[in-house]
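# Examining the three-dimensional arrangement
Here's the letter readout for the chains.
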Amino acid sequence: MLEKGKSGKIAFQARWLIPLFMMVLEVVFHVAAFGKMDTNICNGILFTLPFSFFVLLVSSTKHRSWNRVVRGVLLLLMIIYGITQMIYQQVFGNFLSLKSVSKGAGQAMDFTSTILQAGKEKAAAILCMILLWIVYVVADAYFDKKSDGEDIQVGRRERLLYAAGVLLLPVVGTVILLIEGTGFHSAFDTKVHFHRTEQSMYKLGMTETLTKDMAENICDGLGITERQWNRGYLWVEEWLGGSDKEDLAQERKGDMGISDPEDVKGNLAGNVEPKKEDGSVQEDGISEKKETRYHEWNIDFAELAKESTDEELKDMHSYFSRISPTAENSYTGMFEGYNLVYITAESFSDVIIDKERTPVLYQMWKEGVQFENFYTPSWYLSTIDGEYVNCLGQIPVDGDWSLEHASEGELPMALGNQLQQKGYVCNAYHDHDSYYYDRTKTHPKLGYTFKAVGAGLTFESMYPESDLELMEITADEYVNKAPFHTYYMTMSGHLPYTYGYNSMAVKNREVTEGMDLTENAACYLEANQELEYALENLVDQLKQKGQLEHTLFVVAPDHYPYGLKKGAYDELRKATGHVIDENDVLHMEREGNADAGDSDIDVITVEQDDFELYRNTCLIWSAAMENMDEFPMTVEKCCSNLDLLPTISNLMGLDYDSRLLAGRDMLSDDMGLVMFKDQSFLTDRVRYNATTGETVWMGGTEDESYLQQCMQMVENRFRYSALVLQKDYYSVVKP
């Protein structure tokens, strides 16, 4: 900080405040984003040092004014990055990867009122960051001027020091993480094995997440895999005794590929997924042999592995050959030949359903399949990732526009493509702009003739648009063309939930009269009331055409309603009688509303349990169920939107391969599993939070081996679901 000029005077150099600046910035971001100070902030502070040395290195030229500009601009860019991430997280509940910034941030600008509100809520942190930058810039200029013309140059030795810091400090930091622990979802695991933006922000900090993001983009451009980039760290990890994860041998062998293609027929060492008696994998650990048919294609994985020269494809063939396919069951083909109306409902939630207020939605729930433990996890890109999950049964890839990427390859299990082959008329509609998320490109690849505003549809000018109007103007295009499959992506339930910016809330304001709700909660119910009116209209049209009894409806959310303010979800659950008891069971009032506050139920709130934010429902109903002994039915096991595609495919009697999907048929006897974007998960036995490391056992004996097996299973699902997308795997194995 103190250096001698040529005249021998001692001069303070403000550039050495950069590490302190970055450390303070990291602390401010962590507290603003996660609402607390914890030990993870130490990792964030640690990884500010390489970036600080990088700034010092690139601003060590002979031109003092230019150096100040470079330092100021780079630090300003970090602040802009931090503010952008904070606001995006506040609005959408996620962080943006660099790959998504250009599209995600740009499309987020369509919701300026919501962004401005988020900015107000984060105003203290934003102001602190800006003031921090101003203080540094002023200090840099002040001390530079105070040097009074001294020609203080950065020598070669100092530049070498900066360069060494840039190169070596990341290594030192990573080795420190390695020594701290290498178990599942540790900071080291997040940095080296499976980088996930959300977890990286929390465990490694904003600066390291950005650095890692940039490195991944460079590697992608050069064709370098994450494993190749981190090979040195992995060697050190092995040298120090290997990972703390169980069954590392399987993971390492899988990552390297199959050394002998015939190994596909054998057993991998340390396989955590126990074998059934007939030799196939049983993921829930229950060994049983069934003489029945399975949902699987006739794929010769051994032959494919033998012919392939791609090590990752060989690894995939090995993995999928060992997954137990889902067995057919009593519901297989129950609705074969039926029309299918599949609705991804914007911000849909179980709290909307009410006997008096939403009689059609209530009927669908009451007479159909009632899910007691259904969850709608939030993914990386909000609605479009929700559609990717609902339509393809795969886990979105962090940092990728997964549905757009998938549309570049083969999608044989998409419902539109499956049902087209059976002679169905397949249409998809959306009551918002066609350019949004490039649906004009993606949805035709799902097997649909697609229409939206600006691409075949015209709506009355309002925001959000009306779902009722959508179904009024589109139903005539298919109701007389059975068999048909129609997919809707609705819009009326979209944020913001304020009367000043939500036309649907204004239109349906009377539905919450007499309910003691905040504006935010009331507007949410009112906006989503339009979906009820839309379904009422569609049901009437189908009934008039004689098609209702032969149509299966599926209504599923795209994501949880992140437009609700903190506490509003609990407010709505209490007001509408949709509450969670101490045994984690959803009580949905069967005969109308009930105030949970007047009951003896021990209510668990979203504030008390992070997972409850994502608890939801989906609707599977047909008017024909009234005459079926199996319905209404209750599903108690844990399940999620990932399970929709295999469930619908089974009900419709479609030919699909269950082994290749990340989800499972909810009506099968497969293990119930809900996975979240940070690899947290729920089963009937355990709730595991991967970010905090907290484990809650749902009764019974704690079983560490079971927990480790589940962690490995979830990690595998994430890894191979991503590879299915990245390798266009369906084009490789499609019969």
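Residues numbered from 1 in each chain as written. Predicted model: local features only at pLDDT ≥ 70, side-chain atom pairs only at ≥ 80, totals over all residues. Heavy atoms only, no water.

For the protein, the count of helices and strands is 28 helices and 20 strands. The buried share of the protein, reckoned over its 735 residues, is 61%. Sequence-distant contacts in the protein: of pairs separated by 6 or more residues, those separated by 24 or more amount to 74%. When the accessible surface of the protein is totalled, it reaches about 28800 Å², and 53% of it is carbon and sulfur. (Helix = DSSP H or I, 4+ residues; strand = E, 2+ residues; numbered from the N terminus. Buried < 20%, exposed > 50% of the residue type's maximum accessible area, 1.4 Å probe, protein only. Contact = heavy atoms within 4.5 Å. Areas by Shrake-Rupley, 256 points an atom, 1.4 Å probe, with all protein chains shown as cover.)

Before going further, it helps to spend a moment on the packing of helix H4 (residues 64–92) against helix H6 (residues 112–121). Where H4 contacts H6, the axes come no closer than 9 Å and their chain directions differ by 115 degrees. Viewed along their axes, H4 and H6 adopt a mutual orientation that is roughly perpendicular. Here the hand of the crossing between H4 and H6 comes out right-handed. Residues Ile87, Gln90 and Val91 of H4 touch H6, and the partners they reach there are Thr114, Ile115, Ala118, Gly119 and Glu121. Residues that form the contact of H4 with H6 fall into these classes: 4 nonpolar, 3 polar and 1 charged. (Axes fitted to C-alpha atoms, helices over the stretch in contact; angles between N-to-C directions. Parallel < 35°, antiparallel > 145°, perpendicular 65-115°, else oblique. Left-handed = near helix turned anticlockwise from the far one by under 90°. Nonpolar A, V, L, I, M, F, W, Y, C, P; charged D, E, K, R; others polar.)

All told, the structure shown has 20 salt bridges when counted by the stated rule. As a salt-bridge pair, Asp350 and Arg573 come within 3.8 Å of each other at their nearest N and O atoms. Of this pair, Asp350 sits in the loop between strand S3 (339–345) and helix H17 (359–367) while Arg573 sits in helix H25 (residues 568–576), and the two are 223 residues apart along the sequence. Look at Asp350 and you get buried, because its relative accessible area is 0%. Between Lys451 and Glu477 there is a salt bridge, with the nearest N and O atoms lying 3.0 Å from each other. Of this pair, Lys451 sits in strand S7 (residues 449–453) while Glu477 sits in the loop between helix H22 (467–474) and strand S9 (484–489), placing them 26 residues apart in sequence. (Salt bridge = Lys/Arg side-chain N within 4 Å of Asp/Glu carboxyl O.)

Here we come to the packing of aromatic side chains. Using the criterion set out here, one finds 36 aromatic pairs in the structure. Summarising the aromatic geometry, the rings of Phe335 and Phe631 are spaced 6.2 Å apart at their centres and angled 50 degrees between planes, so their arrangement reads as tilted. One end of the pair, Phe335, is in the loop between helix H16 (311–321) and S3; the other, Phe631, is in the loop between strand S14 (619–622) and strand S15 (633–635), with 296 residues separating them in the sequence. Phe335 sits in the buried class, given a relative accessible area of 0%. Assessed through its relative accessible area of 8%, Phe631 is described here as buried. Members of the aromatic cluster, each reached through a chain of ring pairs, are Tyr88, Phe92, Tyr375, Tyr560, Tyr562, Phe611, Tyr614 and Phe676. (Phe/Tyr/Trp six-rings, centres within 6.5 Å; stacked < 30°, edge-to-face > 60°.)

Counting residues in hydrophobic clusters, the biggest one holds 172 residues, and the most contacted among them are Phe335, Phe553, Ile620 and Leu660. Ranked by residues supplied to this core, first place goes to H4 with 12 residues. The contact partners of Ile620, leaving out residues within four places of it in the chain, are Met364, Gly368, Val369, Phe371, Leu552, Phe553, Val554, Met625, Thr647, Leu651 and Met666. (Core = buried A, V, L, I, M, F, W, Y, C linked by side-chain atoms within 4.5 Å.)

Strand order in the open sheet formed by 7 strands is S8-S7-S6-S9-S3-S10-S14, and the pairing between neighbours is mixed. Looking at the sheet topology across the chains shown, the edges are occupied by strand S8 (456–457) and S14. Strands in contact with H22 are S3, strand S6 (425–433), S8 and S9; relative to S6, the strand with the most contacts, it is inclined by about 145 degrees. (Pairing = 2+ DSSP bridges.)

For the rest of this paragraph, the subject is the environment of Tyr429. Mapped onto the fold, Tyr429 is located in strand S6. On the accessibility criterion, Tyr429 (1% relative accessible area) is buried. Setting aside its immediate chain neighbours within four residues, Tyr429 contacts Phe450, Lys451, Leu457, Leu470, Thr474, Glu477, Tyr478, Thr486, Tyr487, Tyr488 and Met489. A polar contact is formed between the side chain of Tyr429 and the side chain of Glu477, at a distance of 2.7 Å. (Polar contact = N/O pair within 3.5 Å; in protein donor to acceptor, adjacent residues only side chain to side chain.)

For the rest of this paragraph, the subject is unusual backbone geometry. The omega angle of the peptide bond from Tyr463 to Pro464 is -10 degrees, so this bond is cis rather than trans. Summarising the element assignment, Pro464 is placed in the loop between S8 and H22. Here the residue pair Leu495 and Pro496 is connected by a cis peptide bond, since its omega of 5 degrees sits within 30 degrees of zero. Within the secondary structure, Pro496 is located in the loop between S9 and helix H23 (503–507). Within the chain, His185 stands out as a residue other than glycine whose phi angle is a positive 65 degrees. Relative to the helices and strands, His185 resides in the loop between helix H8 (156–180) and helix H9 (187–193). The backbone of Gln679 sits at a positive phi, close to 75 degrees, despite the residue not being glycine. With respect to the helices, strands and loops of the structure, Gln679 is situated in the loop between strand S17 (674–675) and strand S18 (681–682).

Looking at where Val91 falls in the secondary structure, it is placed in helix H4. What makes Val91 buried here is its relative accessible area of 4%. In this structure the C-alpha to C-alpha distance between Val91 and Gly563, which are 472 residues apart in sequence, comes to 6.9 Å.

Together, Trp66, Val69, Val73, Leu76, Leu77 and Ile80 give the surface a local cluster of nonpolar side chains, amounting to about 540 Å² of exposed area. Topologically, Leu77 is positioned in helix H4. (Patch = residues over 30% accessible without salt bridge, like charges linked within 9 Å, V, L, I, M, F, W, Y side chains within 5 Å.)

Right, let's get into the pairing of S14. Burial along S14 is two-sided: Leu619 and Trp621 facing one way and Ile620 and Ser622 facing the other are all buried. Note that strand S10 (residues 551–557) and S14 share 4 bridges and pair antiparallel. Note that in S14 the partner of Val555 across the bridge is Leu619.

Glancing now at the confidence of the model for the protein. Across the protein, the average pLDDT comes to 84, with 82% of residues at or above 70. Here residues 581–586 is modelled with pLDDT under 50, and outside its nearest four sequence neighbours on either side it reaches 22 contacts, counting other chains as well. (pLDDT = per-residue confidence, 0-100.)

Here helix H11 (residues 206–222) spans 24 Å end to end across 17 residues, near enough to the 24 Å set by a 1.5 Å rise per residue. If you check which residues of H11 are buried, you get Met206, Thr207, Glu208, Thr209, Leu210, Lys212, Asp213, Ala215 and Cys219. (Expected span 1.5 Å × (residues − 1).)

We now examine the sheet that holds strand S5 (residues 374–375). In sheet architecture, strand pairing relies on hydrogen bonds along the backbone and comes in two forms, parallel and antiparallel. Judged by pairing direction, the sheet is mixed, and its 3 strands sit side by side in the order S13-S5-S16 without closing on themselves. Looking at which strands have only one partner, the edges of the open sheet turn out to be strand S13 (615–616) and strand S16 (639–640).

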